[in-house]
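Close look at the chain arrangement
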Amino acid sequence: MKLETQVLYKGRWVSREFFRAFVYNSTGQRIAESYQEFSDLISSGIWFADKLDETSNNVVDIKPKRGRKCQSPNKASEAL
């Protein structure tokens, strides 16, 4: 097979002629019937190659640091 007739999909070389893949969004899935359709759907930003993990979120709990509060520069120079 020539390189132009293949596409790299999830780490595997796949024939462009027989390419079919599911794409996913928050409401469900659909099948892309060609690599061009797959590429158009993914580039829209609405569809994704992998299922969305709805249980995880990107919010990180920040815990306060323990230790001394930062001194202002004026108070630090007065102490010397």
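Not measured: the values here are computed from a predicted model.

Attention now goes to the overall build of the protein chain. Secondary structure summary: the protein chain contains two helices and four strands in total. A buried classification covers 18% of the 80 residues belonging to the protein chain. Intrachain contacts of the protein chain at a sequence separation of at least 6 include 21% that bridge at least 24 residues. Total accessible area computed for the protein chain in this model is approximately 7400 Å², and 53% of it derives from carbon and sulfur atoms.

Our next topic: the side chain of S15. Mapped onto the secondary structure, S15 falls in strand β2 (residues 12-15). Among the polar contacts made by the side chain of S15, one reaches the main-chain amide nitrogen of E17 at a distance of 3.3 Å.

Take the packing of aromatic side chains next. Evaluation of the coordinates by the stated rule reveals six aromatic pairs. Ring geometry for Y9 versus F38: centroids 5.5 Å apart, planes at 85°, classification edge-to-face. Separated by 29 residues along the polypeptide, Y9 in strand β1 (residues 6-9) and F38 in helix α1 (residues 35-43) bring together distant segments of the chain. Given the relative accessible area of 19%, Y9 is considered buried.

Counting buried positions over the five residues of strand β3 (residues 21-25) gives four, a clear majority of the element. Across five bridges, the pairing between β3 and strand β4 (residues 28-32) is antiparallel. Across the sheet, the residue bridging to F22 is I31, located in β4.

The rules behind these values
- Residues numbered from 1 in each chain as written.
- Predicted model: local features only at pLDDT ≥ 70, side-chain atom pairs only at ≥ 80, totals over all residues.
- Heavy atoms only, no water.
- Helix = DSSP H or I, 4+ residues; strand = E, 2+ residues; numbered from the N terminus.
- Buried < 20%, exposed > 50% of the residue type's maximum accessible area, 1.4 Å probe, protein only.
- Contact = heavy atoms within 4.5 Å.
- Areas by Shrake-Rupley, 256 points an atom, 1.4 Å probe, with all protein chains shown as cover.
- Polar contact = N/O pair within 3.5 Å; in protein donor to acceptor, adjacent residues only side chain to side chain.
- Phe/Tyr/Trp six-rings, centres within 6.5 Å; stacked < 30°, edge-to-face > 60°.
- Pairing = 2+ DSSP bridges.

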